[in-house]
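# Close look at the chain arrangement
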Amino acid sequence: MKRLLSLSLLSLTTLALSCSFASGNKDLATECALVCAQVELCEATPPAITLEGIAGGSSGSSGVDCAANCVQEDMRAYYGYSDCQISCLQEAECGDMNGCWDVKSDIYAEYCLDGRETTPVGPGDDDPRPGNGTDTGNADADDIVDNVAVEAAVEDGDFVVNYGDTPPDIVGYYHATGQIDESSNARPVGSTIDTHLCFWDPAPSADGTMINYCEDGVPGDDRAPITGSGDNFTIYLQYDGQATILFSGTVDADGNPTNVEALVVYLSGIDIWEMSHTDWEHQGVCDSCQ
């Protein structure tokens, strides 16, 4: 076992030092190498490699995935290696290590949320009150926003959530374009937003309305909760263990979403989010994506 750790440490130190050569931060590289050797030894499951200009995904080695992301000094919080998370990874038992990347875990709270308070997402005094006994207007949406990372992003980004259990109809195929206007430990302000979204088959129930959705270039489709009242709506897209995306907007006289604001909350840590204002061009009906 000692020889395995030594070999892992040697290879990871080489990778970390080479990855951080441009920044010149050898202290971070050494720290990451030590942490990532332990990640590999414990067979933990870190976020997959994400390098600009290189296809993402797991390398097949948890230590290599860890090292490749940890040494990216300006973006390491985005990849799950903030100072408190590195301390968590250094000191956690093997069975608890994955919790260092889970904002809802007890060990993440111990290392990264001590003394931190966030405001639960729910209607204020001037917001419509859902009539179905939920906070947002949808039981599934309640579960999605019951997350400290989402609470912090909604509050710090001053994001408007539209509450209510009678959302407007947003069925259609849309070309969404814009750019990131605000960012916290995520992609740079000015980054381009350009995608196609499809929404179809809304289904109201006692717990709130659910709607089918998909995005071009993203495999599969899913159902998402939608809340709101009158012409105002919020959709809640959930990518398990990765991100939550909230879209809030208003339906115009032609039934098309306008003034759409998007909040992307990354779930590998707190205070990792980006917000954009996007234009949605209606391009017809749909029931699938490309």
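Below: a short report on this structure. (Residues numbered from 1 in each chain as written. Predicted model: local features only at pLDDT ≥ 70, side-chain atom pairs only at ≥ 80, totals over all residues. Heavy atoms only, no water.)

## Quick look at the state of the cysteines
The tally for this structure, following the rule as stated, stands at seven disulfides. A sulfur-sulfur distance of 2.0 Å marks the disulfide that ties Cys-42 to Cys-94. Between Cys-42 and Cys-94 the sulfur-sulfur dihedral comes to about -55°; the bridge is accordingly left-handed. Residue Cys-42 is found in the loop between helix 2 (26–41) and strand 1 (49–51), and its partner Cys-94 is found in the loop between helix 4 (83–91) and helix 5 (106–112); the two are separated by 52 residues along the sequence. Covalent S-S linkage joins Cys-198 and Cys-286, the inter-sulfur distance amounting to 2.0 Å. One quick way to see it: the torsion about the S-S bond of Cys-198 and Cys-286 is about 115°, and its sign makes the bridge right-handed. Of this pair, Cys-198 sits in strand 4 (residues 192–203) while Cys-286 sits in the segment after strand 10 (273–282), placing them 88 residues apart in sequence. Residue classification places Cys-198 among the buried residues on the basis of a relative accessible area of 0%. We classify Cys-286 as buried; its relative accessible area is 16%. (Disulfide = S-S within 2.5 Å. Helix = DSSP H or I, 4+ residues; strand = E, 2+ residues; numbered from the N terminus. Buried < 20%, exposed > 50% of the residue type's maximum accessible area, 1.4 Å probe, protein only.)

## Quick word on the nonpolar core
One finds Phe-199, Ile-235, Phe-247 and Trp-280 to be the most contacted residues of the largest nonpolar core, which totals 45 residues. In this view, Ile-235 contacts Ile-170, Phe-199, Ala-224, Pro-225, Ile-226, Ile-245, Leu-246, Phe-247 and Trp-280; residues no more than four positions away in its chain are not counted. With 25 residues, the next largest nonpolar core counts Ala-141, Val-148, Val-154 and Leu-267 among its residues. (Core = buried A, V, L, I, M, F, W, Y, C linked by side-chain atoms within 4.5 Å. Contact = heavy atoms within 4.5 Å.)

## Some points on the pattern of salt bridges
Within this structure, the stated rule accounts for four salt bridges. In this structure, Asp-156 engages Arg-116 in a salt bridge whose closest nitrogen and oxygen atoms are separated by 3.8 Å. Pair noted here: Asp-156 is in helix 7 (residues 148–156) and Arg-116 is in the loop between helix 5 and helix 6 (139–145), with a separation of 40 residues, a long-range link. We classify Asp-156 as partly exposed; its relative accessible area is 43%. The salt bridge involving Arg-116 is made with Asp-271; its shortest N-O contact spans 2.9 Å. Of the two residues, Arg-116 sits in the loop between helix 5 and helix 6 while Asp-271 sits in the loop between strand 9 (257–266) and strand 10, which places them 155 residues apart along the sequence. Of the residues examined, Arg-116 reaches a relative accessible area of 32% and is grouped as partly exposed. Salt bridges here are not isolated pairs; linked through shared partners, they connect Arg-116, Asp-156 and Asp-271. (Salt bridge = Lys/Arg side-chain N within 4 Å of Asp/Glu carboxyl O.)

## So, helix 7
Among the nine residues that make up helix 7, seven are buried, leaving the element largely enclosed by the rest of the structure. For helix 7, every residue scored as buried is listed here: Val-148, Ala-149, Val-150, Glu-151, Ala-152, Ala-153 and Val-154. Buried residues in helix 7 make contact with helix 6, strand 8 (243–251), strand 9 and strand 10. One side-chain oxygen of the residue at the start of helix 7 lies 2.8 Å from the amide nitrogen of Ala-149, identifying that residue as Asn-147. At the exit of helix 7 stands Asp-158, carrying a positive phi of roughly 50°. (Polar contact = N/O pair within 3.5 Å; in protein donor to acceptor, adjacent residues only side chain to side chain.)

## So, unusual backbone geometry
Unusually for a residue other than glycine, Asn-185 sits at a positive phi of about 60°. Residue placement: Asn-185 occurs in the loop between strand 3 (172–184) and strand 4. You can call Asn-185 partly exposed: its relative accessible area is 39%. One non-glycine residue with positive phi stands out, namely Asn-259, at about 50°. Inspection of the secondary structure assignment puts Asn-259 in strand 9. Asn-259 gets classed as exposed once you look at its relative accessible area, which sits at 65%.

## Structural notes on the pairing of strand 7 (residues 232–239)
Bridge count for strand 6 (residues 222–229) against strand 7 is four bridges, and the pairing is antiparallel. When the bridges of strand 7 are listed, Ile-226 appears paired with Ile-235. Where strand 6 folds back on strand 7, the antiparallel hairpin that results is connected by two residues, among which Gly-230 adopts a positive phi of roughly 60°. Across eight bridges, the pairing between strand 7 and strand 8 is antiparallel. From the neighbouring strand, Leu-237 faces strand 8, where its bridge partner is Ile-245. Once strand 7 ends, the chain turns through three residues before running back antiparallel as strand 8, passing Gly-241 with a positive phi of about 75°. (Pairing = 2+ DSSP bridges.)

## Some thoughts on the packing of aromatic side chains
According to the stated counting rule, one finds six aromatic pairs in the structure shown. Taken together, a centroid distance of 4.9 Å and an interplanar angle of 70° make the contact between Tyr-78 and Tyr-79 edge-to-face. The class for Tyr-78 is buried, based on a relative accessible area of 16%. (Phe/Tyr/Trp six-rings, centres within 6.5 Å; stacked < 30°, edge-to-face > 60°.)

Interpretation note: all reported values are geometric properties and have no functional meaning in isolation.
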